[in-house]
Amino acid sequence: MSHTPDIARMKRELAELIAIRTENPPGREADAAVYVRDLLLSAGFAVDIVEYKPGRFNVEARLDNGPGPVFAFNTHMDTVPAGDGWSSDPFTLREVDGKLYGRGACDCKGPLISMVEAMRMLASDRSAWSGTLLGVFVGDEEIASEGAKFYAAGKPKIDFAVVGEPTSNTTFAAHKGSLRPVVRVHGQAAHSGTPHLGENAIYRAGQLLSLIEAHHNEVVRGRTHPLVGEASLTVTRISGGHADNVVPYACDLLLDRRMVPGEDEAAVKQEFADLLALAHTRFGVRAEIIDYKATTGGATETAIDSAIVWASMAACRSHGIANPGPFGFQGGCDLVHFRQIGAQGTVIGPGDLSVAHKPDEFVPVDEFVTASLIYRDVAKSMLQA
């Protein structure tokens, strides 16, 4: 095995992985898991495929190389649905003008193959590092991070982790978290010709919405973090009424609350309860939280003066990144689950988040290859012999 990236192999493997459809929902990571397992088995890793729920899979690869810390690479095998609007088949890798196009090219099959290549380079030069190297490639990050949550629930010992997401090969050390309560506003059904005999749940929801907007503007957005910016509260869905000629007896709202590192989930949930209580006191609104939609998870950060943040920035800088960070994600990712088991971690990957989840998603070839070198060098720094 080579100590430098095999570019042709990386392109070929990215093409083969993109051709395995893992759109989530439903995920279907089984074939991708087998493919990734086989790549790492051939590189000398001990590899397990774990079915964490029927039809959903994680890949866990391990290489023990003497005493030392445990370092993990992590990213996800699922993608968002391809959708419409593509210039070509989203599951056939296409190279044009130094860019590799396909669903998952940057989110996150490109980072995954870059990590596999880094793991190969590390396996071929074991004299340069000491410790345990892991590859943890999970399912379901795009909806609820069930794969990472399952892995973290086993409380594995991990000292350091790099999570692959498209960051243009810069270092991210923090990300937001999210809560999505479903709020049901109650009314009273009546014939639409005699609306005074009922209570219109949509009108009542409008009164609650005014309080939600005010809470965002006056309270939530005032909570800021130097890397991820402002917290937020918004409404992303509304559904009410069941017939054209009936006063609606219920109206459901889906709220999206983005938390910044340092915010407490329990305290945020209490704020929801307080908002509903205020709506009842002020307007007589009767509302309750009937569900919480699954999300990636909470907010987290790794201290910017920690060893892995410095090592990550140094590796990025050494491979041509003029401003390596640290930065923070507006959205969420699986770093939070590694932080919860005690690992220090960063987020690094090729490609730009602005093209993820869109038609004609791509990863630049140079970033794709460079990422493997950055990953290799971060791991070497943390696993010094």
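Quick note: structure is the one above.
Residues numbered from 1 in each chain as written. Predicted model: local features only at pLDDT ≥ 70, side-chain atom pairs only at ≥ 80, totals over all residues. Heavy atoms only, no water.

*Asks:* Hey, could you run me through the packing of helix α1 (residues 7-19) against helix α9 (residues 365-382) in this one?
*Replies:* Two quantities define a packed helix pair, namely the angle between the helix axes and the distance between the axes. At a closest axis distance of 11 Å, the pairing of α1 and α9 adopts a crossing angle of 105°. As summarised for this structure, α1 and α9 are arranged roughly perpendicular, according to the angle between their axes. When α1 is examined against α9, the residues I7, M10, K11 and L14 are found in contact with a partner set consisting of V365, F368, V369 and S372. Looking at side-chain class alone, the contact of α1 with α9 contains 6 nonpolar, 1 polar and 1 charged residues. (Axes fitted to C-alpha atoms, helices over the stretch in contact; angles between N-to-C directions. Helix = DSSP H or I, 4+ residues; strand = E, 2+ residues; numbered from the N terminus. Parallel < 35°, antiparallel > 145°, perpendicular 65-115°, else oblique. Contact = heavy atoms within 4.5 Å. Nonpolar A, V, L, I, M, F, W, Y, C, P; charged D, E, K, R; others polar.)

*Asks:* Teacher, can you tell me more about the packing of α1 against helix α2 (residues 30-41) here?
*Replies:* One can describe the packing of α1 onto α2 by two numbers: an axis separation of 9 Å at closest approach and a directional angle of 155°. With respect to α2, the element α1 is oriented roughly antiparallel. In terms of crossing hand, the pair formed by α1 and α2 is right-handed. Only A32, Y35, V36 and L39 of α2 make contact with α1, whose side of the interface consists of E13, E16 and L17. (Left-handed = near helix turned anticlockwise from the far one by under 90°.)

*Asks:* Explain the pattern of salt bridges to me, please; I cannot follow it from the model alone.
*Replies:* Oppositely charged side chains may form a pair once their charged atoms are brought near each other. Applying the stated criterion across every chain yields a total of 26 salt bridges. Across the pair E117 and R120 runs a salt bridge whose closest N-O atoms are separated by 2.6 Å. Here the residue E117 and the residue R120 both occupy positions in helix α3 (residues 109-123), the gap between them amounting to 3 residues, near one helical turn. Given a relative accessible area of 5%, R120 falls into the buried group. Residues joined in a network through salt bridges with shared partners are R9, E13, E117 and R120. (Salt bridge = Lys/Arg side-chain N within 4 Å of Asp/Glu carboxyl O. Buried < 20%, exposed > 50% of the residue type's maximum accessible area, 1.4 Å probe, protein only.)

*Asks:* Would you take a moment to explain the side chain of T295 for this structure?
*Replies:* Structurally, T295 is set in the loop between β16 (286-293) and β17 (300-301). Accessibility expressed as a relative area gives 7% for T295, which makes it buried. In this structure the side chain of T295 is engaged in a polar contact, spanning 3.1 Å, whose partner is the backbone oxygen of S178. Excluding anything up to four places from it in sequence, T295 contacts I143, A144, K149, S178 and R180. (Polar contact = N/O pair within 3.5 Å; in protein donor to acceptor, adjacent residues only side chain to side chain.)

*Asks:* Looking at this structure, how should I read the packing of aromatic side chains?
*Replies:* When we look at a pair of aromatic rings, we describe it by the centre distance and by the angle of the planes. In total, this model carries 8 aromatic pairs according to the counting rule given. Centre to centre, the rings of F172 and F329 are 4.6 Å apart; their planes meet at 35°, and the pair counts as tilted. Here F172 is found in strand β8 (residues 172-175), whereas its partner F329 is found in strand β18 (residues 327-329), with 157 residues between them in sequence. You'll find F172 and F329 in the same group, each marked buried. (Phe/Tyr/Trp six-rings, centres within 6.5 Å; stacked < 30°, edge-to-face > 60°.)

*Asks:* Sorry, what's going on with the nonpolar core here?
*Replies:* Buried together is how nonpolar side chains tend to be arranged in soluble globular proteins. Of all hydrophobic cores here, the largest spans 62 residues; its most connected members are L40, F45, F71, F73, F137, V162 and V378. Top contributing element to this core by residue count: α9, with 9 residues. If you look at the next biggest cluster of nonpolar residues, it comprises 24 residues, including V183, A201, V220 and F272. (Core = buried A, V, L, I, M, F, W, Y, C linked by side-chain atoms within 4.5 Å.)

*Asks:* Hey, could you run me through α2 in this one?
*Replies:* Residues three or four positions apart in an α-helix share a direction because the helix packs 3.6 residues into each turn. When the terminal C-alpha atoms of α2 are compared, their 16 Å separation across 12 residues agrees well with the 16 Å that a helix rising 1.5 Å per residue should span. Taken together, the buried positions of α2 are A32, A33, Y35, V36, L39 and L40. Projection of α2 onto a plane perpendicular to its axis shows the buried side chains occupying an angular sector of 165°, all on one side. On the buried face of α2, the contacting elements are α1, β1 (46-53), β2 (56-65), α3 and β6 (131-138). (Expected span 1.5 Å × (residues − 1). Arc of directions from axis to C-beta.)

*Asks:* It is not clear to me how the environment of V163 should be interpreted in this structure. Could you clarify?
*Replies:* Position of V163 relative to the elements: it lies in strand β7 (residues 160-164). Sequence spacing of V163 and L383 is 220 residues, and the spatial spacing of their C-alpha atoms is 17 Å. The residues contacting V163, other than those within four sequence positions of it, are N74, M115, C333, D334, L335, T346, V347 and I348.

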